[in-house]
Amino acid sequence: MRHFDSRVALGVAIIGGICVLWLLATGILIWSSLDETGQDAVAATLMPSLELLIFMWAISLTAVGFALRWLVAYFMTAPARLAEDAQVLLRTDVKRQLKPTGSIENRRLTDLFNQLVQQRETLRDDMDTLVQEAASNTELEKNRLAALMSELSKSVVVCNLDGRILLYNNRARRQFQRLSESPKVAAGAELIGLGRSIYGVFDRKLLTHAQENIQHRIEQGVASPSTKFVTTTQSGQLLRVQMAPVRAAQMENKIPTQMTGFVLLTENITHEFEALSHQEHVLNTLTERSRAAIANMQAALDVLEYPDLEPAMHENLLSVLREETQGLGERIHELKATTVNGFMSHWSLENMQGADLVEAAINRINALKGITATKSSIDTSVWLKVESFTLLEAIIYLAELLQHEYGVNKVQFRLGMTEAHGQLDLCWTPQNNDKGITLNCEKDSIRLGGEESSLTIQDVVERHNGAFWFEHDAESNQALFRFLIPLAKPQEQLDASALTDKESRPEFYDFDLFKASEQTRSLEDRKLIELSYTVFDTETTGLDPAGGDEIIQIGAIRIVNGKLLQQESFEQLVDPQRTIPAVSIPIHGIKPEMVKGQPVIKEVLPAFHAFVGDTVLVAHNAAFDMRCLQVKEALTGVVFDQPVLDTLLLSAVAHPNQESHGLDTIAERLNVDIHGRHTALGDAMATAEVFLHLINLLAEQGIHTMGQAREAAEKTYYARLKY
Amino acid sequence: MSKTVLIADDEKNILISLEYLMKREGYNVMVAHDGQEAVDAIFREHPDLVLLDVMMPKKTGLDVCQEVRANSNFKEMIIIMLTAKGRDTDIAKGMAMGANDYVIKPFSTRELAEKVRNMLGEA
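Residues numbered from 1 in each chain as written. Chains lettered and ligands numbered in written order. Predicted model: local features only at pLDDT ≥ 70, side-chain atom pairs only at ≥ 80, totals over all residues.

Draft legend 1. Looking closely at the overall build of chain A. When helices and strands are counted, chain A shows 21 helices and 19 strands. The buried share of chain A, reckoned over its 723 residues, is 28%. Sequence-distant contacts, at least 24 apart, represent 67% of the contacts inside chain A between residues at least 6 apart. (Helix = DSSP H or I, 4+ residues; strand = E, 2+ residues; numbered from the N terminus. Buried ≥ 20, exposed ≤ 12 C-beta atoms within 10 Å, placed from the backbone. Contact = placed C-beta atoms within 7 Å.)

Here you go:
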């Protein structure tokens, strides 16, 4: 149906009005120029045909209307329709040709539009093909990487610069579970997981130091700028770690110097180390004791050669020989029994330019308050074989000792070398030229990463197969600590050709994983979809945690980057050390015999706290579950101060008009299947699914950030009800 | 007047031979069986030369050396370290602590005797 066009009506009305006005004005003029007879004659002529006149006026106006309508359609409606059609094409994916209408100009314009649409479609198809190819390549690379990772006998963890784990293999998972401080609770699942911080396992300063080392080497153009170190974990295990950089994407054949993350290859060498330490000890003792024995024998033999030896002395020396020969035989027997198969250096020493070590030490000391470090004579050709983290910590410890105990505020580094050793001196001028000054600090425990450790300076020196001592020259009043450290062969430097070779840079690092993190933004401003969550549920003996009801099961699952990580769950039964009321058993299905022998809450909560880490806690009716955790704070010393979101409150925000916000009802409303309802892990999984749906529903209401979600939740009716 | 040599070692089996040898060389010989005995004997008797074992109970030879050298009256006294530890870092440390020479076990007693003679300026 063709619409009535008001512009045509307006045009007709104006033309009609003008005609009437013209007729009236002309009539009045003629009328006033006539005499009375003339006027009577005109009146007599026109009056009878007045109706005809009006009729003809209306006919003319209708004709004008049709003409106007055609003109409007031809010159104005056609371009307007073309504009509307073009907008539809612009905003949608509709593929159609526009029908040329209206003026010649308009038809030409329509043709042009059609050509542009055609061009767009061709481009879009090309793009789709390219995207599909790229996606299948990426998928192939991911599969290759996954296969490679699972085949590797070393454990591999890939992290971004914030230390967030982005990738790990199965071996790493198994190894980290063994490192757990509570391996019996939930199978030690709290240490490794996507998005978790690697600093839960390794000391942050240690990794930062290793990163700085690598960055420094990259800038110097070293071919393979990875670094190695050995470290003890919080649970006392010894790990040998190799860190390799993940670099930024290569641009225009320039070698990227920016790290975007790092790969850690780790090996647990606790047992290897214990065995090697024992072997080393046996060998060292044997060598020293044998040397002493042979010395005794040789000295005795030398004396026996004197012809004028008294008989008593002769007998004496013979018994020395007998005793020592027997002792030596026993020692060799002992050596065989210990089955020493090889003797190797177990500490992972890396090659490092001595000047770099000094530079790092100066930077660290200058960061301390009240003491400054400089260098006086540094031999830059010295390359050392060092375990730089512990050695630096030892040096820093000494500098702090000098400052705190002896008021030293200035130290100097010297670096030289002997035939086989680098000689690193930490020098200072003692305030009181006390002639008897001696400093015996070899047995002092040094701190590692700001924490006490059992490692002494002597241990560090022995790791290096080196020596350490204090010297004081009373005449010049100069004091120094000297480290003798084995020399390394200078590294092949500036062999950057290996980097430009395409083969050496596998392309499967092109994941989205290394994007700079959003850690700097406050939690309140961060988008719900990009946060990491631990969704959890507790089963209890009853509903009154303050009145003596206890947790009997905790289940939790993680959400990272909007994905539910089915593999990274926490499920643990807890011995409540009280009876489980019979009425509650049908609800949770946990019978007293099931919790017998399970860990108690004091053991479970620290592990659960570690599992949660710095994620956001999510629970359905979180007030109850949080209350259960809070009443145990005094007992366990574990405080759950992570931010909390409640799916019950969020559901009330999303659907304010619904009567029920029970987990079953919401799940049904959102079409979420619940498997294992009323087991802690089953409920946690259902809650997590519900939560992921709720994030989308909240976004439709303009609630995108953590802050907005909390604010909205606080305003709901349910939030005002205290548990 | 004949010179005094102190032999400090906890191995009685080497003390027998070394004591005999040094006496035969014509020195006054004293023996010490641990580090503390050695320090006491040095400060009391001021020997001309000390044969000092490194690994001794109570005080190591290195400790003895450092303690004695800190006293300016004992700067000139000759100290020869005897040790079963053969690493060059150990030797460097011994020399830094103020030893005049360092002999690694096992050693030829004749060479040791010659070394003692040389160092006491009697060659």
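Draft legend 2. Summary view of the overall build of chain B. Counting secondary structure elements, chain B contains five helices and five strands. Secondary structure elements in chain B, listed N-terminal to C-terminal, are β-α-β-α-β-α-β-α-β-α. In chain B, buried positions account for 44% of the 123 residues. Taking the intrachain contacts of chain B between residues at least 6 apart in sequence as the baseline, contacts between residues at least 24 apart amount to 57%.

Draft legend 3. Summary view of the interface of chain A and chain B. Residue-level contacts link 28 residues of chain A with 25 residues of chain B. Those elements giving two or more residues to the side of chain A that touches chain B turn out to be helix 7 (270-304), helix 8 (311-337), strand 13 (467-473) and strand 14 (478-486) of chain A.

Draft legend 4. Examining the sheet that holds strand 13 of chain A more closely. Residues and elements named next belong to chain A. The five strands are arranged 7-9-10-14-13 in an open sheet whose pairing can be described as mixed. Of all the strands in the sheet, just strand 7 (372-378) and strand 13 have a single pairing partner and so form its edges. Pairwise comparison of adjacent strand axes, ignoring direction, gives a mean angle of 20 degrees for this sheet. Packing of helix 9 (residues 354-366) onto the sheet brings it into contact with strand 7, strand 9 (410-417) and strand 10 (421-428), and relative to strand 7 it is tilted by some 160 degrees. (Pairing = 2+ DSSP bridges. Axes fitted to C-alpha atoms, helices over the stretch in contact; angles between N-to-C directions.)

Draft legend 5. The sheet that holds strand 5 (residues 101-104) of chain B, seen in detail. Residue and element names in this part refer to chain B. Read from one edge of the open sheet, five strands run 2-1-3-4-5, paired in parallel fashion. Each of the sheet's edge strands pairs with one partner strand only, and the pair in question is strand 2 (28-32) and strand 5. Neighbour-to-neighbour, the strand axes of this sheet turn through a mean angle of 20 degrees, independent of strand direction. Two elements, strand 1 (residues 4-8) and strand 3 (residues 49-53), share four bridges in a ladder whose sense is parallel. Each bridged residue has a counterpart across the sheet, and for Val 5 the counterpart in strand 3 is Leu 49. Running over the sheet, helix 5 (residues 109-119) touches strand 1, strand 3, strand 4 (78-83) and strand 5 and is turned about 175 degrees from strand 5.

Draft legend 6. Structural detail: the confidence of the model for chain A. Residue and element names in this part refer to chain A. Looking at chain A as a whole, the pLDDT averages 81, with 87% of positions reaching at least 70. Across residues 339-346 the pLDDT falls below 50, and counting only partners more than four positions away or on other chains, this stretch makes 12 contacts in the model. Across residues 491-520, where pLDDT falls below 50, the model places 37 contacts with residues more than four positions away in sequence or in other chains. (pLDDT = per-residue confidence, 0-100.)

Draft legend 7. Representation of the pairing of strand 5 of chain B. Residues and elements named next belong to chain B. One ladder, built from four bridges, connects strand 4 with strand 5; its direction is parallel. In the sheet register, Leu 82 faces strand 5, and the bridge partner there is Val 103. A crossover connection joins strand 4 to the parallel strand 5 through helix 4 (residues 88-96); in handedness this β-α-β unit is right-handed. (Right-handed = clockwise from strand over helix to strand, strands pointing away.)

Draft legend 8. Quick peek at unusual backbone geometry. Cis peptide bonds are those with omega within 30 degrees of zero, and the linkage from B:Lys105 to B:Pro106 qualifies with -5 degrees. One non-glycine residue, A:Asn465, lies in positive phi territory at about 55 degrees. Following the sequence through the fold, A:Asn465 ends up in the loop between helix 11 (457-463) and strand 13. Classification of A:Asn465 as partly exposed rests on a count of 16 C-beta atoms within 10 Å. For A:Gln577, which is not a glycine, the phi torsion comes out positive at approximately 55 degrees. As for its position among the elements, A:Gln577 is in the loop between strand 17 (563-573) and helix 13 (585-588).

Draft legend 9. Representation of the nonpolar core in the model. A:Ala361, B:Val5, B:Leu6, B:Ile7, B:Ala8 and B:Leu52 are the most contacted members of the largest nonpolar core, which totals 105 residues. Among the elements that line this core, the one with the most residues is helix 10 (residues 388-406) of chain A, at nine residues. Ignoring any residue separated from it by four or fewer positions in sequence, one finds A:Ala361 in contact with A:Ala373, A:Leu392, A:Ile395 and A:Phe413. A:Ala610, A:Val612, A:Val616 and A:Ala680 belong to the second largest nonpolar core, which has 59 residues in total. (Core = buried A, V, L, I, M, F, W, Y, C linked by C-beta atoms within 7 Å.)

Draft legend 10. Focus on the packing of helix 18 (residues 647-654) of chain A against helix 20 (residues 680-700) of chain A. Residues and elements named next belong to chain A. Between helix 18 and helix 20, the least distance of the axes is 10 Å, while the angle of their chain directions is 35 degrees. Seen from above, helix 18 lies across helix 20 with left-handed handedness. For the pair helix 18 and helix 20, the contacting residues are Thr 647, Leu 650, Ser 651, Val 653 and Ala 654 in the first and Thr 687, Val 690, Phe 691, Leu 694, Leu 697 and Leu 698 in the second. Of the residues assigned to the contact of helix 18 with helix 20, the class counts are eight nonpolar, three polar and no charged. (Left-handed = near helix turned anticlockwise from the far one by under 90°. Nonpolar A, V, L, I, M, F, W, Y, C, P; charged D, E, K, R; others polar.)

Draft legend 11. Main features of the packing of helix 9 of chain A against helix 10 of chain A. Residue and element names in this part refer to chain A. At a closest axis distance of 10 Å, the pairing of helix 9 and helix 10 adopts a crossing angle of 45 degrees. Relative to helix 10, the element helix 9 lies oblique. Helix 9 and helix 10 meet at a crossing whose hand is right-handed. Of the residues in helix 10, those touching helix 9 at Leu 357, Ala 360, Ala 361, Arg 364 and Ile 365 are Ser 388, Leu 392, Ile 395, Ile 396 and Ala 399. Class assignment of the residues belonging to the contact of helix 9 with helix 10 gives a composition of eight nonpolar, one polar and one charged. (Parallel < 35°, antiparallel > 145°, perpendicular 65-115°, else oblique.)

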